[in-house]
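So the chains spell out like this:
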Amino acid sequence: MSNKLLVFLAGLLLVTALGSYVYYRRTVARVPVDAWALVPDDAVFVVATRDHPTLVRHLKETQLWDNLTALPYFQQFEENAVLLDSLTNSRNNLLRFLGRKTVLASVHVTGPGTFDILYQVPLNTVREFRQVRAAAEALGRIPRFQVQTREFHDMMLTDIRARGTGAGVTYFNYRNHLIISASPLLIEKVIARIEHEGQPSVAADFHNIDYQKLKGVDATLLVNYRQLPPFLNLFFRPELRPSLEMLTGLGKNGLLEMQLAGNKVVFNGFTNPEIARDALHQRLRGQVPQRLRMADILSLRTAMLLHLGIQKPASLRQPMPALSNAATTTALDSVASLLDGEVALCYLSTISARQAPARVALAHCADAGRMALALGHLRRAAGGSPSFERVGPYQLYQVGVEEVPARLLGPLFRGFGAGVVVQVGSFVAFAQNAAELRPWLQDVAAGKVWAKSPTQVALLEEMQPLARLSVIMDAQNSWNVLLRALKEDRRAGLLRNETLFKRFPQMALQLVPPADSEQEQGAQYFTQLLLRHPAVSSVAQGAVAAEDGGSLTFRNRLITPPMLVSIANARTPGMLVQDSLRVLHYITPENVATWSDTLSGSVVGPVHRLPVGDASGFLLATTNQLVLLDPQGRPAPHFPLNLPDSVQVSSLTPSPNQGGATRLLVGGGGGNFFLYDTNGNLLPNWQPKRLEFSPAAPPHYLSVAGSDVIVVLLENGYIFAFDRQGGTYPGFPISVGARLHTSAFVETGSTLQRTRLTVVTQQGERVQFNLSGYVLNRSRISTWSRGCTFRIIPDQQQRTYVVVRQEPNGLLTIFDAAGRRVVERRFTTSDVKPVQFFDFGTGRRLLSITEPGPNQVYLYNSKGKQLGGRTFPSSAPTIEARFDASTNSWIIYRSEGRALRRTSVTAE
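Residues numbered from 1 in each chain as written. Predicted model: local features only at pLDDT ≥ 70, side-chain atom pairs only at ≥ 80, totals over all residues. Heavy atoms only, no water.

Draft legend 1. Here's a closer look at the overall build of the protein. Across its full length, the protein holds 19 helices and 55 strands. In terms of its C-alpha atoms, the protein occupies a principal-axis envelope of roughly 110 × 110 × 55 Å. Residues classed as buried in the protein amount to 51% of the 908 residues present. Partitioning the contacts of the protein with sequence separation of at least 6, the portion at a separation of at least 24 is 53%. Here the protein contributes 92 positive and 71 negative side-chain charges, whose respective centroids are spaced 3 Å apart. (Helix = DSSP H or I, 4+ residues; strand = E, 2+ residues; numbered from the N terminus. Buried < 20%, exposed > 50% of the residue type's maximum accessible area, 1.4 Å probe, protein only. Contact = heavy atoms within 4.5 Å. Lys, Arg positive; Asp, Glu negative; His and termini not counted. Charge placed at Lys NZ, Arg CZ, Asp CG, Glu CD.)

Take a look at the structure:
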């Protein structure tokens, strides 16, 4: 009886366990985890990322990736990623693991002088959970790591630490949600939030906003302004904390989207105003934001500018010790009543971190004449000297009253003592002494100001015109100022990260309230943080939407068609284009110009892809150089290759990428050919290889059964096939019996005999031969007459071709590979019409004809029907095209004067 009872109880226990498991899988585990709710409420920043492959690509395009990977933190992170790759026998395992998951990283102050980061990564499949467990077990088998597990409040934590140093991470899995941090304290705080459900999330004020759903957004940033002063106090001297606390008093928290685009990083979003009684927001509430009108008096040596665009600067005033002279107080109130519109605190650059930066307090006045009288009354009431110092047209006076800027504009303007004052137009400027004010006045008198600097004007044009608070920083000018402001133990970190800090030398943070003061109650600040690099700001005037697509307008006329380059993890390709100043520009798939490089001449022929390190670079030729650039536009080692002065490049053909060393075949004009390796060495018998007649088209560089085959078609109808050593293959040269003005259509086979090439002679005869030197087939594609020309045009994938027949009277006919007439049109002009053939599968064929005189492009489908019902302007001889299956349309890329256009044409 007891045995049966035990069996019954065991069965009941098994059924209960199975029911609990099914309930967990179907009820609890199916409920998605709110990652934001798990973030401890003391987070300073929270960064959310989703599309990590695209994020990495954008970081590389903006050249931030190289700067980030130079940081010690990221180097350690990269070393750990490489270690994980070695444990899992794969490459880029971490990037593939993150994929397009929503990953949160939050920054927290965890102790005096320290901060840590908490990561949250979803686990979508059982396989991913096993990958994490297998990686931890593999690390446990490495002697220099110690892997331990411990239980904390019913949660199983795993600690991975390096023996000796103790550095490592702690993680646990909560409902298929991996939570990781180097700080066990942060992990325990997350568990405490799990135990006390229902606590407000750090993003509760933005629960209905998801910037990640918007196109072009790379990340989301949440800022907790209340926690910002303690975080900044880790880095800056204690005397700066009151000013930091005051400035952060405008907002409580904010959520921003981040976009990486070319020469800038832009954060846009909204900030909830601070509701504390003495906060800066409460003092300024209801005031309409004002423009920055002081660009005419801002010196080019400005390091940082704190600008407040407010109607009533007197609202910043706070109680201070009373002055002994009542007349002085009255005169001071008179000066304060004349201030309006905007006030600013300007820090000037220094030549050394040991030198305190000069500070200039600036304020706008409504009436310059009355302000001059009021300042005179103030000096006389305080018993100040009537003497002054002249700098250019300006007069400097001693104020005679302690801390006048602070008495007029609040505690943010403390530290000026009994300084000096000068009036410049409708602005009043205060400084601690004449030595600080003198260089600023000299720059203003000499016109060395923001309003006359194209770089600064470009920054101001990209900023918001109306803002309550603007913090503008110049990374170059502020370098020594920042070094001095930092704590001694933090300066080395800034010095190590100098390249990253100066990558975007122009920075601007702005908070913009509603334009209507009556709508401000409870409204949010629009917030923008702009990081900008002016070095490439002149590449393009802007990207604007055209009526039928997108466009990008450059400052100079474009001389090449857009050259498309495929980009990993991007739906649309990038582009290279050259302007009339021989500047090569790279355009991202997002239609943003990211880098430029001035070449020695015009680009000759197409752009080829060639490995540069671990990335795929851009190989191209100019009239006298071979250029190889990495994805960021930097020259590869040994490049550019400079060709002899007597050589004018007519073509560049790289060897097929078969895993070995790449050879570069250069057409040097006439019948001369050079063969280089990527180190710049000329191969024997190619110094140059001279042929008696000019080539009919660029040569073909083939690889057949591991052997190089260089096929050269000459205008006199002879065809040569050379090996890498310059020797002629057996059976060559062969003659097709008539002149040639075309390239060949190549069908590569496993052997020389099975590799076939097809050409069309100027007598309309199609000739097919193999690389054994045998003519396999001859057939007539069309009749011919005197002056008639024939060309064979392969598609972009070299899978099929069309034949173009053009007569002197402007009649142009296109035949398909079977000899059927597809298009026939008579043009007004008689010059050669470039024809292109794009084949993206059945029913997805496009024929493009460019008429150079009128600069018009005609588009036809495979049935000979003209697409779009019109022509398309193009100042380049060719275009590029891609097929978008989702919209059943062709995307046409073309150059038109200074504009690069992308047009959608419906396929018919």
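What follows picks up the thread again.
Draft legend 2. Quick look at the pairing of strand 22 (residues 525–532). Among the 8 residues that make up strand 22, 6 are buried, leaving the element largely enclosed by the rest of the structure. By the bridge criterion, 7 bridges tie strand 21 (residues 506–512) to strand 22 in an arrangement that is antiparallel. Looking at the pairing, Gln506 lines up with Arg532 of strand 22. (Pairing = 2+ DSSP bridges.)

Draft legend 3. Seen up close, the packing of helix 12 (residues 326–337) against helix 13 (residues 368–381). Between helix 12 and helix 13, the least distance of the axes is 9 Å, while the angle of their chain directions is 160°. Here helix 12 lies roughly antiparallel to helix 13, going by the angle between them. Handedness of the crossing formed by helix 12 with helix 13: left-handed. Seen from helix 12, the contacting residues are Ala327, Thr328, Ala331, Leu332 and Val335; seen from helix 13, they are Met371, Ala374, Leu375, His377, Leu378 and Ala381. In terms of residue class, the contact of helix 12 with helix 13 is built from 9 nonpolar, 2 polar and no charged. (Axes fitted to C-alpha atoms, helices over the stretch in contact; angles between N-to-C directions. Parallel < 35°, antiparallel > 145°, perpendicular 65-115°, else oblique. Left-handed = near helix turned anticlockwise from the far one by under 90°. Nonpolar A, V, L, I, M, F, W, Y, C, P; charged D, E, K, R; others polar.)

Draft legend 4. The arrangement of the packing of aromatic side chains in detail. One pass over the full model with this rule turns up 17 aromatic pairs. Judged by centre distance (5.5 Å) and plane angle (50°), the ring pair of Phe388 and Tyr397 falls under tilted. Taking relative accessible area as the criterion, Phe388 reaches 41% and is therefore assigned partly exposed. Between Phe720 and Phe722, the ring centres sit 5.6 Å apart and the planes meet at 5°, which makes this aromatic pair stacked. When sorted by exposure, Phe720 lands in the same class as Phe722, which is buried. Members of the aromatic cluster, each reached through a chain of ring pairs, are Phe45, Phe115, Phe231 and Phe235. Note that Arg359 overlies the ring of Phe416, its terminal NZ or CZ placed 4.4 Å from the centroid. (Phe/Tyr/Trp six-rings, centres within 6.5 Å; stacked < 30°, edge-to-face > 60°. Lys NZ or Arg CZ within 6 Å of the ring centre and 35° of its normal.)

Draft legend 5. Looking closely at the sheet that holds strand 49 (residues 835–839). In space, the 4 strands of this open sheet follow the order 49-50-51-52, with antiparallel pairing throughout. For this open sheet the edge positions go to strand 49 and strand 52 (872–873), each flanked by a neighbour on one side alone. The pairing of strand 50 (residues 845–851) with strand 51 (residues 856–861) spans 6 bridges and is classified as antiparallel. From the neighbouring strand, Leu846 faces strand 51, where its bridge partner is Asn861.

Draft legend 6. Structural view of the pairing of strand 1 (residues 43–49). For strand 1, the buried fraction is high: 5 of the 7 residues fall into the buried class. Of the pairings in the sheet, the one linking strand 1 to strand 2 (residues 103–111) comprises 6 bridges and is antiparallel in character. Its bridge partner lying in strand 2, Ala48 is registered against Leu104. As judged from the 5 bridges shared by strand 1 and strand 8 (residues 219–224), these two strands associate in the antiparallel manner.

Draft legend 7. Expanded view of unusual backbone geometry. The omega torsion across Phe639 and Pro640 is 0°, close enough to zero to call that bond cis. By the element assignment, Pro640 lies in the loop between strand 31 (625–629) and strand 32 (641–642). Along the chain, Phe732 connects to Pro733 via a cis peptide bond; the corresponding omega equals 5°. Here the phi dihedral of Asn685 falls at roughly 70°; this positive angle occurs in a residue that is not glycine. Counting through the fold element by element, Asn685 comes out in the loop between strand 35 (672–677) and strand 36 (689–690). Of note, the phi angle at Gln798 is positive, near 60°, even though the residue is not glycine. Looking at the secondary structure, you find Gln798 in the loop between strand 45 (789–794) and strand 46 (801–806).

Draft legend 8. Structural detail: helix 3 (residues 52–61). Among the 10 residues that make up helix 3, 9 are buried, leaving the element largely enclosed by the rest of the structure. For helix 3, the set of buried residues is His52, Pro53, Thr54, Leu55, Val56, Arg57, His58, Leu59 and Glu61.

Draft legend 9. Representation of the sheet that holds strand 27 (residues 583–587) within the structure. One open sheet holds the 4 strands; their spatial order is 25-26-27-28, and the pairing between them is antiparallel. At either margin of the open sheet sits one strand with a lone partner, and together these are strand 25 (563–565) and strand 28 (593–598). Neighbour-to-neighbour, the strand axes of this sheet turn through a mean angle of 20°, independent of strand direction. For strand 26 (residues 574–578) and strand 27, the ladder comprises 4 bridges, and the chain directions are antiparallel. When the sheet's bridge partners are listed, Met575 is paired in strand 27 with Ile587.

Draft legend 10. A look at the pattern of salt bridges. What the rule picks out here adds up to 28 salt bridges. Residue Arg532 is joined to Glu462 by a salt bridge in which the shortest nitrogen-to-oxygen separation is 3.0 Å. With a gap of 70 residues between them, Arg532 in strand 22 and Glu462 in helix 16 (residues 454–462) connect regions that are remote in the sequence. On the basis of relative accessibility, which here comes to 1%, the residue Arg532 falls in the buried class. Note that Arg901 and Glu896 form a salt bridge whose closest N and O atoms lie 2.9 Å from each other. For Glu896, a relative accessible area of 27% puts it in the partly exposed group. (Salt bridge = Lys/Arg side-chain N within 4 Å of Asp/Glu carboxyl O.)

Draft legend 11. Representation of the confidence of the model for the protein. A residue-level look at the protein finds 91% of positions with pLDDT of 70 or above and a mean pLDDT of 84. Within the protein, strand 23 (residues 540–546) has the poorest average pLDDT of any element, 39, and strand 42 (residues 756–760) the best, 93. Taken together, the stretch residues 17–28 has pLDDT below 50 and engages in 7 contacts with residues farther than four places along the chain or on a different chain. Low confidence marks residues 536–549, where pLDDT is under 50. Its contacts with residues over four positions away, or in another chain, come to 35 contacts. (pLDDT = per-residue confidence, 0-100.)

Draft legend 12. Molecular detail of helix 15 (residues 434–446). Taking 1.5 Å of rise per residue, 13 residues should cover 18 Å, and helix 15 covers 18 Å from first to last C-alpha, within 8% of that figure. Contacts from the buried residues of helix 15 go to strand 13 (339–348), strand 14 (359–365), strand 15 (388–391), strand 16 (394–398), strand 17 (420–424) and strand 18 (427–431). In this structure Asn433 caps helix 15, since a side-chain oxygen of it lies 3.1 Å from the backbone nitrogen of Ala435. (Expected span 1.5 Å × (residues − 1). Polar contact = N/O pair within 3.5 Å; in protein donor to acceptor, adjacent residues only side chain to side chain.)

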